[in-house]
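Residues per chain are reported as follows:
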Amino acid sequence: MGELFDLIVVGGGLGGAALARSLAANGARVLVIEREERFRDCVRGEMMTP
Ligand SMILES: Cc1cc2nc3c(=O)[nH]c(=O)nc-3n(C[C@H](O)[C@H](O)[C@H](O)COP(=O)(O)OP(=O)(O)OC[C@H]3O[C@@H](n4cnc5c(N)ncnc54)[C@H](O)[C@@H]3O)c2cc1C
């Protein structure tokens, strides 16, 4: 791999993925490490409150 990362996110769930995406969109080199090999569809939320 040989790349350097600005941030390593452990867990690609709602929080980790949102953080990784917003930092990568601002130029950060981000590595997300997720233990699940396959996406497991399950209820994680119906509403987001401000
Ligand atoms: C039934 C239900 C309904 C909900 N409804 C709402 C709602 O309406 N509104 C709301 O705001 N919230 C709701 N929530 C809460 C919301 O889903 C959680 O707060 C949110 O999923 C947390 O996101 P997270 O990324 O912190 O954790 P998670 O989504 O749990 O993600 C953690 C990830 O880390 C991975 N992981 C764990 N350990 C490791 C490791 N050692 N190495 C690599 N990867 C690892 C896991 O595989 C997982 O993918 C609900 C939750 C449930 C269960």
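Placed above this text is the structure.
All of the points below concern the structure found in this document. (Residues numbered from 1 in each chain as written. Predicted model: local features only at pLDDT ≥ 70, side-chain atom pairs only at ≥ 80, totals over all residues. Heavy atoms only, no water.)

### Some remarks on the overall build of the chain
Put simply, the rule reads: We count a stretch as a helix when DSSP gives it H or I for four or more residues in a row; a strand needs E for two or more, and each element gets its number in order from the N terminus. Only protein chains enter the area calculation, which uses a 1.4 Å probe; residues under 20% of their type maximum are buried, those over 50% are exposed, and those in between are partly exposed. Whether two residues are in contact is decided by their heavy atoms: any pair within 4.5 Å suffices. Every accessible area reported is derived by Shrake-Rupley at a probe size of 1.4 Å, with residue values counting cover from the shown protein chains alone. Under the convention used here, Asp and Glu are negative, Lys and Arg are positive, and both His and the chain ends fall outside the count. A charged residue contributes its charge at one atom only: NZ of Lys, CZ of Arg, CG of Asp or CD of Glu.
Helix and strand content of the chain: one helix and two strands. In the chain, the succession of helices and strands from N to C terminus is β-α-β. Each of the three principal axes of the chain carries a C-alpha extent, and together these read 40 × 30 × 10 Å. Counting only residues that meet the buried cut, the chain has 6% of its 50 residues in that class. Sequence separation of 24 or more characterises 23% of the internal contacts of the chain that already satisfy a separation of 6 or more. As presented, the chain carries roughly 4700 Å² of accessible surface, and 56% of it is formed by carbon and sulfur atoms. Side chains of the chain carry 6 positive and 7 negative charges; the gap between the two charge centres is 0 Å.

### Things to note about the site of the ligand
What counts is decided by this rule: Residue proximity to a molecule or strand is established when one non-hydrogen atom of the residue lies within 4 Å of it. In this count, Pro and Cys sit with the nonpolar residues alongside Ala, Val, Leu, Ile, Met, Phe, Trp and Tyr, while Asp, Glu, Lys and Arg are called charged and the others, Gly among them, polar.
In the vicinity of the ligand there are 15 residues, among which G15, E34, R44, E46 and M47 approach most closely. A total of 990 Å² of accessible area belongs to the ligand in isolation, and the protein chains cover 49% of it. Counting residues per element, the shell around the ligand draws most heavily on helix α1 (residues 14–25), at three residues. Residues that form the shell around the ligand fall into these classes: five nonpolar, five polar and five charged.

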